[in-house]
Amino acid sequence: MTGAATAEAATAELVPDEVMLLRFGAVTRNTHRIHYDTAFARSEGLDGPVVMAQLHGCLLHRAAAAHAGPAGRVREVSWQNRAPAHPGDRLTVTSTVRDVDPVSGEITLDLVEHRTDGAVCCRGHAVVVPDRTRD
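Rules of the game
- Residues numbered from 1 in each chain as written.
- Predicted model: local features only at pLDDT ≥ 70, side-chain atom pairs only at ≥ 80, totals over all residues.
- Heavy atoms only, no water.
- Helix = DSSP H or I, 4+ residues; strand = E, 2+ residues; numbered from the N terminus.
- Areas by Shrake-Rupley, 256 points an atom, 1.4 Å probe, with all protein chains shown as cover.
- Lys, Arg positive; Asp, Glu negative; His and termini not counted.
- Charge placed at Lys NZ, Arg CZ, Asp CG, Glu CD.
- Pairing = 2+ DSSP bridges.
- Expected span 1.5 Å × (residues − 1).
- Buried < 20%, exposed > 50% of the residue type's maximum accessible area, 1.4 Å probe, protein only.
- Salt bridge = Lys/Arg side-chain N within 4 Å of Asp/Glu carboxyl O.
- Axes fitted to C-alpha atoms, helices over the stretch in contact; angles between N-to-C directions.
- Parallel < 35°, antiparallel > 145°, perpendicular 65-115°, else oblique.
- Contact = heavy atoms within 4.5 Å.
- Nonpolar A, V, L, I, M, F, W, Y, C, P; charged D, E, K, R; others polar.
- Polar contact = N/O pair within 3.5 Å; in protein donor to acceptor, adjacent residues only side chain to side chain.
- Arc of directions from axis to C-beta.

**What about the overall build of the protein chain?**
And then number 1: For the protein chain, the helix and strand inventory stands at 3 helices and 5 strands.
And then number 2: The order of helices and strands in the protein chain, counted from the N terminus, is β-α-α-α-β-β-β-β.
And then number 3: The dimensions of the protein chain, computed from C-alpha atoms along their principal axes, are 55 × 25 × 20 Å.
And then number 4: A total of about 7,500 Å² of accessible surface is found on the protein chain, and carbon and sulfur atoms cover 51% of it.
And then number 5: Within the protein chain, the 17 negative side-chain charges are centred at a point lying 3 Å from the centre of the 14 positive side-chain charges.

**Topic: the pairing of strand β3 (residues 91-100)**
And then number 1: Sheet topology places β3 next to strand β4 (residues 107-114); 8 bridges connect them, and they run antiparallel. Counted as the bridge partner of valine 93 is glutamate 113 from β4.
And then number 2: Between the end of β3 and the start of β4, which pair antiparallel, lie 6 residues, with glycine 105 showing a positive phi angle near 80°.

**What about helix α3 (residues 53-68)?**
And then number 1: Along its 16 residues, α3 runs 23 Å from first to last C-alpha, staying within 8% of the 22 Å computed at 1.5 Å per residue.
And then number 2: Among all positions of α3, only Leu55, His56, Gly57, Leu59, Leu60, Ala63, Ala64, His67 and Ala68 are buried.
And then number 3: Positioned one or two residues after α3, glycine 69 has a phi angle of 95°, which is positive.

**What to know about the pairing of strand β5 (residues 120-129)**
And then number 1: Across the 10 residues of β5, 7 count as buried, placing the element largely inside the fold.
And then number 2: Relative to β5, β4 is paired through 8 bridges, and the arrangement is antiparallel. Within the sheet, the bridge partner assigned to isoleucine 107 lies in β5 and is valine 128.
And then number 3: Once β4 ends, the chain turns through 5 residues before running back antiparallel as β5, passing glycine 118 with a positive phi of about 95°.

**Some points on the pattern of salt bridges**
And then number 1: For the structure shown, the criterion picks out 6 salt bridges.
And then number 2: The structure contains a network of salt bridges with shared partners spanning Arg75, Glu76 and Glu106.

**Thoughts on the packing of helix α1 (residues 18-27) against α3**
The packing of two helices is summarised by the inter-axis angle and the distance between the axes.
And then number 1: In the contact formed by α1 and α3, the axes pass within 10 Å of each other and the chain directions differ by 100°. Taken together, the axes of α1 and α3 lie roughly perpendicular to each other. Residues Met20, Leu21 and Phe24 of α1 lie in contact with α3, whose contacting residues are Gln54, Leu55 and Cys58.
And then number 2: Its residues assigned to classes, the contact of α1 with α3 shows 5 nonpolar, 1 polar and no charged.

**Regarding the environment of histidine 35**
And then number 1: Here histidine 35 lies in the loop between α1 and α2 (38-43).
And then number 2: Here the side chain of histidine 35 touches valine 50 through a polar contact of 2.7 Å, landing on its backbone oxygen.

**Thoughts on α1**
And then number 1: For α1, every residue scored as buried is listed here: Leu21, Phe24 and Gly25. Within α1, the buried residues cover an arc of 100° as seen down the axis, which keeps them to one side. Seen from the buried face of α1, the exposed residues on the opposite side, beyond 90 degrees, are Leu22, Arg23, Ala26 and Val27.
And then number 2: Where α1 is buried, its residues meet α3.

Any functional reading would require information that these geometric values do not contain.
See the structure below:
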């Protein structure tokens, strides 16, 4: 199959909380106060602490990896943030197969992450090398 395909692919979900944001910020060395300090986030014009862009990327990667399978791999992930997410929001990534390279077998996925209220937090794509042991 090549060209624009619309087959549903893997999904991933996450409900980040304040502790997760604090720990994720620590391991990624992202100490910006908008991710853990409610008063500071509000002083910056936000409704409260926001999920870091890199955590969105991790969730997109998780959906792509699920599609690739245990012996597959994710070769590329890219995304653009569209709306903030906050602790307690359920983030759900859905993916659609855009293309399958007939020579390499690589699959290009379109990825969309929605938060609890349906707003799109980010859009992106991934290229995966699928687990051929599942065929």
